[in-house]
Amino acid sequence: QTVTSKGDRVLLLYAPGLDFVVGFLACLYAGVIAVTAYPPASRRHLPRLRSLAADAEPSVALSTADLLPKLRAARLPELESVTWLAGDTVDDDEAAAWRPHTPSPDDLAFLQYTSGSTAAPKGVMVSHGNLMHNEEVIRRGFGTQSDDIIVGWLPLYHDMGLIGNVLHPLYLGARCVLMAPVAFLQQPRRWLDAIHTWRGTVSGGPNFSFDLCVAKVGVDERPAVDLSSWRLAFSGAEPVRASSLDGFARAFAPAGFRKTAFFPCYGMAETTLMATGGPAEDDPVTTSFDEIALADDRAVPATGENSRTLIGCGVHGWELDVTVVDPVTLERVDDGNVGEVWVRGDSVARGYWRNPERTASDFAARLADQPDSSGTWLRTGDLGFVHGAQLFPTGRLKDLIIVRGRNHYPQDIELTAEDSHGSIRRGCSAAFGIDDDGEERLVIVAELLRHPSDEPDVIADAVRRAVAATHQLQVHDVTLIRTGSILKTSSGKIRRSACRDAWRAGEFPVLTASVTSSETETDVIGSELRLDRAALDQVAPAEARTLLVRWLVDRFARLARVAVRDVDPTIPLTAQGL
């Protein structure tokens, strides 16, 4: 309070731990606006921090005595004028000088910068009223009480880690057990050990965290942890996959984990945190839909080879008003039709900090037939549909890949690519479309393990075959890159637009690039070679076979729009994009 005024922004740059919690609460006690961030671990993190600092214009930067010298040594021009404070060096006696501050519901509590998966980070203005409303939404959805024990490893500067694992236990008066994200990522079993040791009742994370436990915790280790106390395992922040939940439930059933504990939910920083989920007493809703119909924006329940299993993420319109809207006509769509998810209610934030244009477009939307007096909506930019009262998110509107009039969700293509070969790292691939002579073409960039089991070209062929067979799509380019090279947000989401830019600029450390030709001359991609049946009958079988193969190669090259020289008749056509 001695170095700030009400409404000033204070940048929090802490390593994971209680110092961050103290710093965040200090901002609330002082009546200033916290700006949650993280100290850059390398130079690749500096652009985000600089963008965030330039937007928020903090007057103070809070950290710890061991980190401050490193942060100041970076000499970021956006932080030249800030007052640097090491919270752990402040004498406790100074608490006597504190002047009580009581915020109003409309006062801003903090700026939550979006992860920037489709654009530059934007500062979501979260008020005290937003926080209180969303904590109650979470309490009702989770069914949490003061005797719950909440275990968390998520980053505290991220909305799920801060609001779910720090502020929610404070709201309840419950116990929480925290660990650093890197501790979990290095050894996922530590998360399960913490639940075992502390008898955790509520814990969760993004979809990938459950996959990681299955991959990294050995079969012989699993019975050593007791997960029977884990009554609610929430999953959100990225697409929730039925295969991930099924795999985790099977793997850890011997440890006492129950599949009914899973709590798929949907939300974002713009809704403070949770928008839909639960109720907790209901089992997760899993439904299969026709994949061809989904590509045509229709959700038709189906089973069999061409079906896709989706997870419901809670009752729509439960604590917040949620609807699905045609993003072009701005009219509500009927249940079972895919559209953009719109939300309104007291958890919806005030808008984006110093960004009135984006605030107006995203936070002040109106339905085509809506009277002016009925309030505005948040346009989430997420696609989804309602079926059986459940909201089923399907992907990001801006990430959608449209090939020959059909919609394809990049996360589904990425999962197929990652499943195609054991040498591709899970959760480390990006699928995106590029414009090639007016036609949308598919590119997949994927990280390989440090010691792949096959040659890169073999792995690229496996990706092509799997994507062609599963999605009926030809991959224009499979680029395989080194471990740790894919571009992600601070919360671990794939930055597809940034990956597209890096791919175009040739900035990835490429191990191999398998490209199909986009040439269109008829002498290159096939010249409608004629095949005369009578002529075939008059030549030896070997020569007839050669002629037949030439005709098939020519025919395939024309249909797939690839160069004749790129078609290898010795491998399945599905490997080449059929």
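For the structure itself, look to the data block above.
Residues numbered from 1 in each chain as written. Predicted model: local features only at pLDDT ≥ 70, side-chain atom pairs only at ≥ 80, totals over all residues. Heavy atoms only, no water.

Caption draft 1: Main features of empty space enclosed by the protein. This structure, assessed with the given rule, holds 5 cavities of 30 Å³ or more. Approximately 90 Å³ is the volume attributed to the largest cavity. No other element matches the 3 residues that strand 11 (residues 262-267) contributes to the lining of the largest cavity. Per-class residue counts for the lining of the largest cavity are 7 nonpolar, 4 polar and 2 charged. (1 Å grid on protein atoms, 1.4 Å probe; cavity = no way out; pocket = protein on both sides within 12 Å on 5 of 7 lines; lining within 4 Å. Points joined across faces, edges and corners; volume = space filled by probe spheres on them. Helix = DSSP H or I, 4+ residues; strand = E, 2+ residues; numbered from the N terminus. Nonpolar A, V, L, I, M, F, W, Y, C, P; charged D, E, K, R; others polar.)

Caption draft 2: Representation of the nonpolar core in the model. Judged by nonpolar contacts, the single largest core of 86 residues is most densely connected at Trp191, Leu192, Trp230, Phe252 and Phe257. Apart from residues no more than four positions distant in its own chain, Phe257 is found in contact with Leu227, Trp230, Ala233, Phe248, Ala249, Phe252 and Phe262. With 24 residues, the next largest nonpolar core counts Leu13, Leu68, Leu76 and Leu111 among its residues. (Core = buried A, V, L, I, M, F, W, Y, C linked by side-chain atoms within 4.5 Å. Buried < 20%, exposed > 50% of the residue type's maximum accessible area, 1.4 Å probe, protein only. Contact = heavy atoms within 4.5 Å.)

Caption draft 3: Highlighting the sheet that holds strand 4 (residues 83-86). With mixed pairing, the 6 strands of this open sheet are ordered in space as 4-3-1-2-5-6. Only two strands of the sheet have a single partner each, and these edge strands are strand 4 and strand 6 (123-127). Sheet twist, expressed as the mean angle between neighbouring strand axes with direction ignored, is 25°. Two elements, strand 2 (residues 33-36) and strand 5 (residues 108-113), share 2 bridges in a ladder whose sense is parallel. Across the sheet, Val35 pairs through a bridge with Leu111, a residue of strand 5. (Pairing = 2+ DSSP bridges. Axes fitted to C-alpha atoms, helices over the stretch in contact; angles between N-to-C directions.)

Caption draft 4: Here's a closer look at a negative patch on the surface. On the surface, a cluster of negative charge is contributed by Asp91, Asp92, Asp93 and Glu94. Structurally, Asp91 is set in the loop between strand 4 and strand 5. (Patch = residues over 30% accessible without salt bridge, like charges linked within 9 Å, V, L, I, M, F, W, Y side chains within 5 Å. Areas by Shrake-Rupley, 256 points an atom, 1.4 Å probe, with all protein chains shown as cover. Salt bridge = Lys/Arg side-chain N within 4 Å of Asp/Glu carboxyl O. Lys, Arg positive; Asp, Glu negative; His and termini not counted. Charge placed at Lys NZ, Arg CZ, Asp CG, Glu CD.)

Caption draft 5: Expanded view of the packing of helix 1 (residues 18-30) against helix 5 (residues 159-172). Look at helix 1 against helix 5: their axes get within 12 Å of each other, and the N-to-C directions meet at 70°. With respect to helix 5, the axis of helix 1 lies roughly perpendicular. Note that helix 1 runs across helix 5; the crossing there is right-handed. On the side of helix 1, the interface is formed by Phe20, Val21, Phe24 and Leu25, while helix 5 contributes Leu162, Val166, Leu167 and Leu170. (Parallel < 35°, antiparallel > 145°, perpendicular 65-115°, else oblique. Left-handed = near helix turned anticlockwise from the far one by under 90°.)

Caption draft 6: Region of interest: the packing of helix 8 (residues 207-216) against helix 9 (residues 242-252). Relative to each other, helix 8 and helix 9 sit at 35°, their axes nearing to 9 Å. Between helix 8 and helix 9 lies a crossing of left-handed hand. On helix 9, the residues touching Asn207, Phe210, Asp211, Cys213 and Val214 of helix 8 are Ser244, Gly247, Phe248, Ala251 and Phe252. Here the contact of helix 8 with helix 9 is composed, by residue class, of 6 nonpolar, 3 polar and 1 charged.

Caption draft 7: Just the pairing of strand 15 (residues 321-325), in detail. Across the 5 residues of strand 15, 4 count as buried, placing the element largely inside the fold. Here strand 15 pairs with strand 16 (residues 339-344) via 5 bridges, running antiparallel. Bridged to Val324 within strand 16 is Val341.

Caption draft 8: Just the sheet that holds strand 21 (residues 424-436), in detail. The mixed open sheet is built from 4 strands, whose spatial order is 21-22-23-24. Looking at which strands have only one partner, the edges of the open sheet turn out to be strand 21 and strand 24 (510-515). For this sheet, the mean inter-axis angle between neighbouring strands, taken without regard to orientation, is 15°. Note: strand 21 against strand 22 (residues 439-448), 9 bridges, orientation antiparallel. Across the sheet, residue Ile424 finds its bridge partner in strand 22, namely Leu448. Docked against the sheet, helix 12 (residues 410-419) engages strand 21 and strand 22, running at close to 130° with respect to strand 21.

Caption draft 9: Here's a closer look at the layout of surface pockets. Size it by volume and the second largest pocket reaches roughly 1,000 Å³. Taken together, 28 residues line the second largest pocket, and the ones lying closest to its centre are Gln1, Ala26, Val90, Glu94 and Ala95. Elements that contribute at least two residues to the lining of the second largest pocket include exactly helix 1, strand 3 (60-63) and strand 4. Looking at which element gives the most residues to the lining of the second largest pocket, the answer is helix 1, with 8 residues. Grouping the amino acids of the lining of the second largest pocket by side-chain chemistry returns 18 nonpolar, 5 polar and 5 charged.

Caption draft 10: Local environment of a nonpolar patch on the surface. Together, Leu531, Leu548 and Leu552 make up an exposed nonpolar region whose accessible area comes to about 230 Å². Structurally, the position occupied by Leu552 is in helix 17 (residues 541-560). Its relative accessible area of 43% is what places Leu552 among the partly exposed residues.

Caption draft 11: Spatial organisation of the pattern of salt bridges. Going through the model one piece at a time under the given rule, you end up with 22 salt bridges. Glu57 is the salt-bridge partner of Arg354, the closest N and O atoms lying 2.5 Å from each other. Highlighted residues: Arg354 in the loop between strand 16 and helix 11 (356-363) and Glu57 in the loop between helix 2 (46-56) and strand 3, separated in sequence by 297 residues. For Arg354, a relative accessible area of 48% gives the class partly exposed. Residue Glu57 is classed as partly exposed on the basis of its relative accessible area, which comes to 46%. The closest approach of N and O atoms between Arg189 and Glu221, which form a salt bridge, is 3.3 Å. With a gap of 32 residues between them, Arg189 in helix 7 (residues 189-198) and Glu221 in the loop between helix 8 and strand 10 (232-235) connect regions that are remote in the sequence. A single salt-bridge network, built from bridges that share partners, covers Glu136, Arg139, Arg140 and Glu319.

Caption draft 12: How the structure looks around helix 12. Burial runs high along helix 12: 9 of the 10 residues are buried. Residues Pro410, Gln411, Asp412, Ile413, Glu414, Leu415, Thr416, Ala417 and Glu418 constitute the buried set of helix 12.

Caption draft 13: Region of the structure containing the environment of Val443. When you line up the elements, Val443 lands in strand 22. Along the chain, Val443 and Val515 lie 72 residues apart, while their C-alpha atoms are 9.1 Å from each other. Residues in contact with Val443, not counting those within four places in the same chain, are Ala430, Ala431, Phe432, Ile434, His476, Asp477 and Trp503.

Keep in mind these values describe shape, not function.
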